[in-house]
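Structural description and commentary
The lines below spell out each chain.
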Amino acid sequence: MTGVQMVTVTEAEGEQRLDRWMKRRFAQLTQGAVEKLCRTGQVRIDGARAKASDRVAPGMVVRVPPLPDTPPPPKAEAGISEDDARMIQGCVIFKDQHLIVLNKPAGLPSQGGSGLDHRHVDGLTEALTFGYKERPKLVHRLDKDTSGLLVLARTDRVARALSEAFRLRTTRKIYWAAVAGVPNPKMGTIRFGLVKAPGHGKGGEGEKMLCVHPAKVDATEGAKRATTDYAVLDALGTRVSWVALVPVTGRTHQLRAHMAEIGHPIVGDGKYGGSGQENPGDGWGAQLGGEISRKLHLHARSLSFEHPVTKARVSFTAPLPEHMARTWKTLGWEAHSVPEDPFDETRG
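Figured I'd write up the structure that's included with this text. Residue positions are given per chain, counting from 1 as you read along its sequence in written order. Confidence filtering applies because this is a predicted model: local features only for residues at pLDDT of at least 70, side-chain atom pairs given and counted only at 80 or more, and all residues used for totals across whole chains, interfaces and linings. Just so you know, side-chain values use all the structure's heavy atoms and leave hydrogens and water out.

Attention now moves to the packing of aromatic side chains. Here a Phe, Tyr or Trp ring, Trp counted by its six-membered ring, pairs with any other such ring whose centre lies within 6.5 Å, and the pair is stacked when the planes are under 30 degrees apart, edge-to-face when over 60, and tilted otherwise. Within this structure, the stated rule accounts for 6 aromatic pairs. Look at Trp-176 and Trp-242: their rings are 5.0 Å apart centre to centre, the planes differ by 75 degrees, and that puts the pair in the edge-to-face class. Separated by 66 residues along the polypeptide, Trp-176 in strand β11 (residues 172–180) and Trp-242 in strand β16 (residues 240–247) bring together distant segments of the chain. Here Trp-242 falls in the buried class, since its relative accessible area comes to 0%. When the centroid spacing of 6.0 Å and the interplanar angle of 40 degrees are considered together, the rings of Phe-305 and Phe-316 count as tilted. Of this pair, Phe-305 sits in strand β17 (residues 298–306) while Phe-316 sits in strand β18 (residues 313–317), and the two are 11 residues apart along the sequence. When sorted by exposure, Phe-305 lands in the same class as Phe-316, which is buried. Strands here are runs of E lasting at least two residues and helices are runs of H or I lasting at least four, both read from the DSSP assignment and numbered beginning at the N terminus. Throughout, exposure labels follow a simple rule: accessible area from a 1.4 Å probe, protein chains only, divided by the maximum for the residue type, with under 20% read as buried, over 50% as exposed, and the rest as partly exposed.

Here you go:
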């Protein structure tokens, strides 16, 4: 950053120590750097010299001198390795004072569970503080094998607002997937309810969701209604298609279970499509064979919502993970050839 800035403390930032305010505003600053800037008189509050321990409050104007643009190297904190810290910081595609947006890699769980250590998004948030005292908080989740956009809140206030937005479905989430065969019609809505499968078999059957006909949901214990919009964006004959998916509701494994239920499981989905099943033609079989990866082909591509503080509508897009990008290249599918929101004309 070149040049002096005169920065006004906002209402959202509240009252806090100057050193904490500066490190939150400027993630490249260390505690030592802030203290040196204050000691040499380069940082001032409302025109007066300031100490790192002085407090700032909404409406105060802080003079900030030219600062380096390079952030400090990742730290290994709370058992997090430098490689993991570097990895999770490399997933950040957007960051402001209030929230962080990640492009989560496939294979990384959102949260811990039985037999898992800290190597999940929630356990790695210590590397995403960027000067804040508290770790950012997950406000929604993605399946371990699903890649794409994941939002974290940097304050409790923002966490509450974002959680409410996801609960009330005022967010707009669009997933991309490769599925076996070509759904007919090419645009539609799936309304099967979902219920947890009984048992705890070797294949994690207890974590699998079973589809329930809409007419039987109310009479099925534990079943919840679920709705998914889908649209076919491109296809390779009748063997495989590229679909956009919108989870109108947010049930566990909803997109995976719904696509399998209509006979078009997501490519690479061993739980719902049979990872060993080849796909010789129209429908079924979650593997394509050849050079196509056996990993799950499901990606949270785009996300939009009202920013909880600025109230502006914000939108984010995440590039495909490597294994899906290779599949798209092999099949001749190009991201720029399809609309960002293929459902836009039908949304009313």
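After that view, the rundown keeps rolling.
Let's shift gears to helix α1 (residues 18–25). Of the residues making up α1, those classed as buried are Leu-18, Asp-19, Trp-21, Met-22 and Lys-23. Throughout, a contact is declared for two residues whenever any of their heavy atoms are within 4.5 Å. Its buried side turned inward, α1 meets β1 (5–8), β2 (16–17), α2 (31–39), β3 (44–45), β5 (55–56) and β6 (61–64).

Among the 9 residues in β11, 9 count as buried, and that is most of the element. Of the two faces of β11, the one lined by Arg-172, Ile-174, Trp-176, Ala-178 and Ala-180 and the one lined by Lys-173, Tyr-175, Ala-177 and Val-179 are each fully buried. Summarising the sheet, β11 and β17 pair through 6 bridges and their orientation is antiparallel. Note that in β17 the partner of Tyr-175 across the bridge is Ala-300. DSSP calls a pair of strands paired once it identifies at least 2 bridges connecting them. In terms of strand pairing, β11 meets β16 through 6 bridges, oriented antiparallel. In the sheet register, Tyr-175 faces β16, and the bridge partner there is Leu-245.

By definition, a salt bridge exists where a carboxyl oxygen of Asp or Glu is found within 4 Å of a side-chain nitrogen of Lys or Arg. Under the counting rule described, the total for this entry stands at 11 salt bridges. Its salt-bridge partner being Glu-164, residue Arg-167 comes within 2.7 Å of it at the nearest N-O pair. Of this pair, Arg-167 and Glu-164 both sit in helix α4 (residues 156–167), 3 residues apart, which is roughly one turn of that helix. Assessed through its relative accessible area of 56%, Arg-167 is described here as exposed. Of the charged contacts in the structure, one is a salt bridge between Arg-172 and Asp-341, with a shortest N-O distance of 3.2 Å. Of the two residues, Arg-172 is situated in strand β11 and Asp-341 in the segment after α7 (322–331); the sequence distance between them amounts to 169 residues. Like Arg-172, the residue Asp-341 is buried in the burial classification. One continuous salt-bridge network, built from bridges that share partners, spans Asp-143, Arg-256 and Asp-269.

Bringing the environment of Leu-320 into the picture now. When you line up the elements, Leu-320 lands in the loop between β18 and α7. Taking the C-alpha atoms as reference points, Leu-320 and Ser-147, separated by 173 residues in sequence, lie 8.0 Å from one another. In this structure Leu-320 touches Trp-176, His-299, Arg-301, Ala-325 and Trp-328, once residues within four positions along its chain are discounted.

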